[in-house]
Amino acid sequence: MHIPERIDFSVNVQNVSPQIPHSVRRATTRFLGTRQVVVDVLGNERWQALRQAGHAIRLHTLEHLDYYLTRLEERVEAAGGIVHWARDAAEARRIVLDLTRARGVRRAVKVKSMATEEIGLNHTLQENGIAVVETDLGEFIIQLAGVGPSHIIVPAVHLTKEGIADLFTQKLGVPAPPDPLQLCALARTRLREEFLAADVGISGANFLVAETGTLVIVTNEGNGRMCTTLPPLHIAVVGIDKVVPDLNALNVLLKLLPRSATGQKMSAYTSFITGPRRTPQEGGPQEFHLILLDNGRTRILSDPLLRQTLLCIRCGVCLNVCPVYNHVGGHAYGFVYSGPIGAMLSTQLLGVRTAADLPFASSLCGACAEYCPVKIPIPEILLRLRRRVVEGDRIENAVAPLTLRASARVGAITLRLPWLYAIGTRILAFLQKPWQRDGWLTHLPPPLQRWTMVRPLPAFGANFRAWFRRRPK
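Residues numbered from 1 in each chain as written. Predicted model: local features only at pLDDT ≥ 70, side-chain atom pairs only at ≥ 80, totals over all residues. Heavy atoms only, no water.

J.: Account for the sheet that holds strand 10 (residues 287-293), with residues named and values stated.
T.: Strand order in this open sheet of 6 strands is 1-10-7-4-2-3, and the pairing throughout is parallel. Where the open sheet ends on each side, the last strands, each with one partner, are strand 1 (82-86) and strand 3 (131-134). Each strand of the sheet is rotated relative to its neighbour by a mean of 20 degrees, with strand direction disregarded. Alignment of strand 7 (residues 233-239) against strand 10, held across 7 bridges, turns out to be parallel. (Pairing = 2+ DSSP bridges. Helix = DSSP H or I, 4+ residues; strand = E, 2+ residues; numbered from the N terminus. Axes fitted to C-alpha atoms, helices over the stretch in contact; angles between N-to-C directions.)

Below you can see the structure in the form of structure tokens.
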């Protein structure tokens, strides 16, 4: 079989365009609009009942996770699959690498998976001579760009069609017009070759059904089915929090997920995978391996409030409605998970020594909790994590950095004294001038350059008090 030439996935680091906030807000506004339409069809009373049912299902599962994981393992193995347990990211990567090495794997195709992003799987496989291609269109685009996802559902939400066209022209070596349909056709042509040449398909899962041992993948492009049926080997890396009790519970969650994620009554493709193929005449892989990933999730379960972080079904609606995310984009969070869910989950998975800033990346307006389909009390969790940062993390015994504590004190004093606040805004407006370009601060001096290396900062304008005094009575 002809193996197509290897695509150049080298990293191309550039300062992010000031157009990113506009691109992000345009997309998230559209998602929220379509979501509201499908929610209105149900009616508020029924929608709230679904949310409450989803919350109860997820919380019940987490509180009895040992039972459901044991049952899941039994059912997967009864269906012919093999279950592996990974305590952390390193162990998960090692298991995948051992499986691929033993079978002489040279090429891998992947379904969009936040769990594999979380453990940095692509880099490990590539370092060991295995070509890895993301087949979700958004993931394919950002892989070409050499960056991580900027949104849980729409990884390339920060890019424009013109930027994607330039990227395709540069990386794929073909003329690419800034037309979405033609860009999709170019990607489809290239990815079809990858599906046929792959030795292994790697996926995550939206849900794992304990009752039947079924892995459920929800997509809108069909790439999930191609990755999990064409290659002879299918490896799924899934967080232990993705398990649900039975098909009835799954039915509730499948009504919540697409409405909140993409504003659809149901996604275009919902795949139910229960083990490998049983006869040569059936479709599907010859081998199916499920890696159940802990990587800090068991630790999160120990706190009754914080464990509700794991209720998340990764719909991304909290990102869409969050004013902070809409102004800074996903890459500013510095980790795989962004937005309110990233502020909660990354802080707990990585510890406050690494992610101390994230719980403070929120206005605590509460919109995320109002929109969350499984009713996660996001502001309460963020406040608990802020306290943990300030008082010291129980896991790492860390305290807030001196600079953070000093900045908080200065901010508190400034906000209590109106005259000092007014003077401060004038000073900032003056000091920013050497770095201001067209209303943006693009290259700040150290240590603030850590921000502008990732994305530009809006220039400071006139303060609210001055604007209010000038407005007509």
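J.: Any details on empty space enclosed by the protein? Residues and values, ideally.
T.: If you walk through the whole model with that rule in mind, you get 4 cavities of 30 Å³ or more. Taken as a whole, the largest cavity spans an internal volume of roughly 90 Å³. If you trace the largest cavity, you find 14 residues lining it, with Cys312, Cys315, Cys318, Cys372 and Ile376 closest to the centre. Contributing elements (two or more residues each) for the lining of the largest cavity: helix 13 (317-321) and helix 15 (339-350). Of the residues belonging to the lining of the largest cavity, the class tally is 12 nonpolar, 1 polar and 1 charged. (1 Å grid on protein atoms, 1.4 Å probe; cavity = no way out; pocket = protein on both sides within 12 Å on 5 of 7 lines; lining within 4 Å. Points joined across faces, edges and corners; volume = space filled by probe spheres on them. Nonpolar A, V, L, I, M, F, W, Y, C, P; charged D, E, K, R; others polar.)

J.: Got a sec to walk through the packing of helix 8 (residues 161-172) against helix 9 (residues 180-197)? Specific residues and values, please.
T.: Closest axis-to-axis distance for the helix 8/helix 9 pair is 10 Å, and the angle between their directions is 30 degrees. Between helix 8 and helix 9, the crossing angle belongs to the class labelled roughly parallel. Handedness of the helix 8/helix 9 crossing: left-handed. Taken together, the residues of helix 9 that come into contact with helix 8 (itself represented by Lys161, Ile164, Ala165, Phe168 and Leu172) are Pro180, Leu183, Leu186, Ala187 and Arg190. A class-by-class count of the residues in the contact of helix 8 with helix 9 yields 8 nonpolar, no polar and 2 charged. (Parallel < 35°, antiparallel > 145°, perpendicular 65-115°, else oblique. Left-handed = near helix turned anticlockwise from the far one by under 90°. Contact = heavy atoms within 4.5 Å.)

J.: How would you explain the nonpolar core if you had to name every residue and give the values?
T.: Within the largest apolar cluster, 100 residues are counted, with the highest numbers of intra-cluster contacts made by Leu72, Phe168, Phe207, Leu208, Leu215, Leu290 and Ile376. Take this core: its biggest share by element is 8 residues, from helix 11 (residues 247-262). Phenylalanine 207 has contacts with Thr214, Leu215, Val216, Lys242, Val244, Leu250, Leu253, Leu254, Leu257 and Ile313, leaving out every residue within four places of it along the chain. Counting 22 residues, the second largest nonpolar core, distinct from the first, contains Leu97, Ala108, Leu125 and Val237. (Core = buried A, V, L, I, M, F, W, Y, C linked by side-chain atoms within 4.5 Å. Buried < 20%, exposed > 50% of the residue type's maximum accessible area, 1.4 Å probe, protein only.)

J.: Explain the packing of aromatic side chains residue by residue, including any values.
T.: The way to describe two aromatic rings as a pair is by their centre distance and the angle between their planes. Applying the stated criterion across every chain yields a total of 3 aromatic pairs. Aromatic pair phenylalanine 140 and phenylalanine 168: ring centres 6.1 Å apart, planes at 75 degrees, arrangement edge-to-face. Taken together, the residues phenylalanine 140 in helix 7 (residues 137-145) and phenylalanine 168 in helix 8 connect sequence positions 28 residues apart. A single burial state applies to phenylalanine 140 and to phenylalanine 168, both of which are buried. (Phe/Tyr/Trp six-rings, centres within 6.5 Å; stacked < 30°, edge-to-face > 60°.)

J.: Now, about unusual backbone geometry: what can you tell me, with residues and values included?
T.: With a phi angle near 50 degrees, asparagine 295 is a residue other than glycine that sits in the positive phi range. Within the element layout of this structure, asparagine 295 appears in the loop between strand 10 and helix 12 (297-301). Of note, the phi angle at arginine 314 is positive, near 60 degrees, even though the residue is not glycine. Along the chain, the position of arginine 314 falls in the loop between helix 12 and helix 13.

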